[in-house]
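Residue-level structural notes
Letter by letter, the chains look like this.
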Number of protein chains: 2
Amino acid sequence: MSDDEAARHRAKMEKRKAVQDAEVAEKTIEKGLLIVHTGPGKGKSTAAFGLMLRALGRGWRVGVVQYIKGAWETGERFALDRFADQVEWHTMGEGFTWETQDRDRDVAAARAAWARTEALMADPAIRLLVLDELNIALRYDYLPLAEVVEALSRRRPDLHVVVTGRNAKPELIAAADLVTEMAVVKHHFAAGVKAQEGIEF
Amino acid sequence: MSDDEAARHRAKMEKRKAVQDAEVAEKTIEKGLLIVHTGPGKGKSTAAFGLMLRALGRGWRVGVVQYIKGAWETGERFALDRFADQVEWHTMGEGFTWETQDRDRDVAAARAAWARTEALMADPAIRLLVLDELNIALRYDYLPLAEVVEALSRRRPDLHVVVTGRNAKPELIAAADLVTEMAVVKHHFAAGVKAQEGIEF
């Protein structure tokens, strides 16, 4: 790169940094976020798990309620064993609805999971709460949507909540602070590759 | 729910389960995946981090090369300290390009990171390799795209590689097994909320 080019690059990046710094300076609010990971792509629960570990790294106490049993797997559990004193984990669901084939049982499991969620929301020691696959329970009307959204909206000001699962309800998205949609660009299952230990579970 | 409705639900779910089971049975290939997390939304690095911890939970040895310094933060580092014997971590980058304001330095840092990547790819003990923000280095032509894609494509058959960062190159997407695009539906920064400890870093 010539001196001239280097100088132009520097000038351009100086401007960009000024814009960046100004943007950061504008943001002053601190609050517990309602975060939603939705969409058909991979990474919804995995990103929640990553977020959880960042919080654990910060020494926080974290709660997890799994609305669908089996959605999180052995790999995660083993990893979280290293943080056993910081994690309160509840597997409440009964497997995917096509596994149980019993709607009443699914509804009962979802209600029990919601009762557990409310207890964790009321526990001031918990700073991050992951509600894994809650969107599925809402999608199939296993839980009253308005009540769930209302309870999540009046969470403690310092509590972060992450909700995962496809087909997030518009009412939940409206109440959320941060919503990411995971889209499939390309999936190895379509090429006949199976779910593998260490990657999918 | 009436007995009739319950029976119909059961029959529907039985069918769905049969389809699901058949789909799973079709997938028989096991291979090291080339995974790409791209898109403007959040969760690209966080999902890679979650994937890493799943692999660590399985007892794997994992490598990380950070192409941009500061893209992963203290929270992650603290969490990974619990797996110090399983993680080989290299922070090679120099900060975002608008921080360094020096293209030659950025290029040199990217090349050093790539040399480190090649060494980790050649180490048979490593089963998962995270190349965080490599897409940024490719986007700014800090590295020769064809060479990088070719090297990733001829990785060991049992090595999984995760590449993160916005604007993944089409050539990389073509070579990948699994590509997820993280899209922004809603972002709290837009509402003036700042980056917070335990969530963003």
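Residues numbered from 1 in each chain as written. Chains lettered and ligands numbered in written order. Predicted model: local features only at pLDDT ≥ 70, side-chain atom pairs only at ≥ 80, totals over all residues. Heavy atoms only, no water.

Observations regarding the relation of the copies chain A and chain B
- For these two chains of identical sequence, chain A goes onto chain B by a turn of 180° and a shift of 0.0 Å along the axis, with RMSD 0.0 Å. Here the two chains are linked by the operation of a two-fold rotation axis.
- A share of 100% of the interface residues of chain A reappears at the interface of chain B, consistent with the copies meeting face to face through the same patch. (Least-squares fit on C-alpha atoms with pLDDT ≥ 70 in both. Contact = heavy atoms within 4.5 Å.)

Considerations on the packing of aromatic side chains
- Taken as a whole and judged by the stated rule, the model has three aromatic pairs over all chains.
- Look at A:Phe83 and B:Phe83: their rings are 6.5 Å apart centre to centre, the planes differ by 50°, and that puts the pair in the tilted class. With A:Phe83 in the loop between helix H3 (74–80) and strand S3 (87–91) and B:Phe83 in the loop between helix H3 (74–80) and strand S3 (87–91), this residue pair bridges two chains. The same class applies to A:Phe83 and to B:Phe83, which are both buried.
- Geometry around A:Trp89 places A:Arg77 over its ring, the cationic atom sitting 4.2 Å from the centre. (Phe/Tyr/Trp six-rings, centres within 6.5 Å; stacked < 30°, edge-to-face > 60°. Helix = DSSP H or I, 4+ residues; strand = E, 2+ residues; numbered from the N terminus. Buried < 20%, exposed > 50% of the residue type's maximum accessible area, 1.4 Å probe, protein only. Lys NZ or Arg CZ within 6 Å of the ring centre and 35° of its normal.)

A look at helix H1 (residues 3–26) of chain B
- A rise of 1.5 Å per residue sets the reference length of H1(B), with its 24 residues, at 34 Å; its end C-alpha atoms lie 35 Å apart and thus fit the reference within 8%.
- Along H1(B), the positions that sit buried rather than exposed are B:Ala6, B:His9 and B:Met13. (Expected span 1.5 Å × (residues − 1).)

Quick word on the sheet that holds strand S4 (residues 126–132) of chain A
- Spatially, S3(A)-S2(A)-S4(A)-S5(A)-S1(A)-S6(A)-S6(B)-S1(B)-S5(B)-S4(B)-S2(B)-S3(B) is the arrangement adopted by the twelve strands of the open sheet, whose pairing is mixed. The open sheet has two edge strands with one neighbour each: S3 of chain A together with S3 of chain B. When strand polarity is set aside, the average angle formed by the axes of neighbouring strands in this sheet is 15°.
- Here four bridges tie strand S4 (residues 126–132) of chain B to strand S5 (residues 160–164) of chain B, and the two strands are oriented parallel to one another. What sits directly across from B:Leu129, in S5(B), is B:Val161. (Pairing = 2+ DSSP bridges. Axes fitted to C-alpha atoms, helices over the stretch in contact; angles between N-to-C directions.)

Quick word on the interface of chain A and chain B
- Opposite the 75 residues of chain A that make contact, chain B presents 75 residues.
- Carbon and sulfur atoms make up 58% of the surface buried where chain A meets chain B, a total of about 7,200 Å² over both sides.
- Scanning the region where chain A abuts chain B turns up six salt bridges.
- Residue A:Arg54 pairs with B:Glu76 through a salt bridge whose shortest N-O separation is 2.7 Å.
- Between chain A and chain B we count 27 residue pairs in polar contact (both at pLDDT 80 or more) in total.
- Of all the secondary structure elements, the ones that give two or more residues to the side of chain A that touches chain B are helix H1 (3–26), helix H2 (44–57), H3, helix H4 (97–100), helix H5 (103–121), helix H8 (170–175) and strand S6 (178–186) of chain A.
- When the residues that make up the side of chain A that touches chain B are grouped by side-chain class, the tally is 32 nonpolar, 19 polar and 24 charged. (Buried area = accessible area lost by both parts, 1.4 Å probe. Salt bridge = Lys/Arg side-chain N within 4 Å of Asp/Glu carboxyl O. Polar contact = N/O pair within 3.5 Å; in protein donor to acceptor, adjacent residues only side chain to side chain. Nonpolar A, V, L, I, M, F, W, Y, C, P; charged D, E, K, R; others polar.)

Here we look at the pattern of salt bridges
All names here are of chain A.
- Tallying each qualifying case throughout the model produces 20 salt bridges over all chains.
- Across the pair Glu150 and Arg154 runs a salt bridge whose closest N-O atoms are separated by 3.2 Å.
- With relative accessibility at 42%, the residue Glu150 sits in the partly exposed group.
- Three or more residues are tied together by salt bridges with common partners; here these are Lys31, Arg155 and Asp177.

Considerations on the domain arrangement of chain A
- Assigned domains of chain A: these are domain 1 (1–30) and domain 2 (31–191).
- Spacing between the C-alpha centres of domain 1 of chain A and domain 2 of chain A amounts to 38 Å. (Domains from an automatic or database assignment.)

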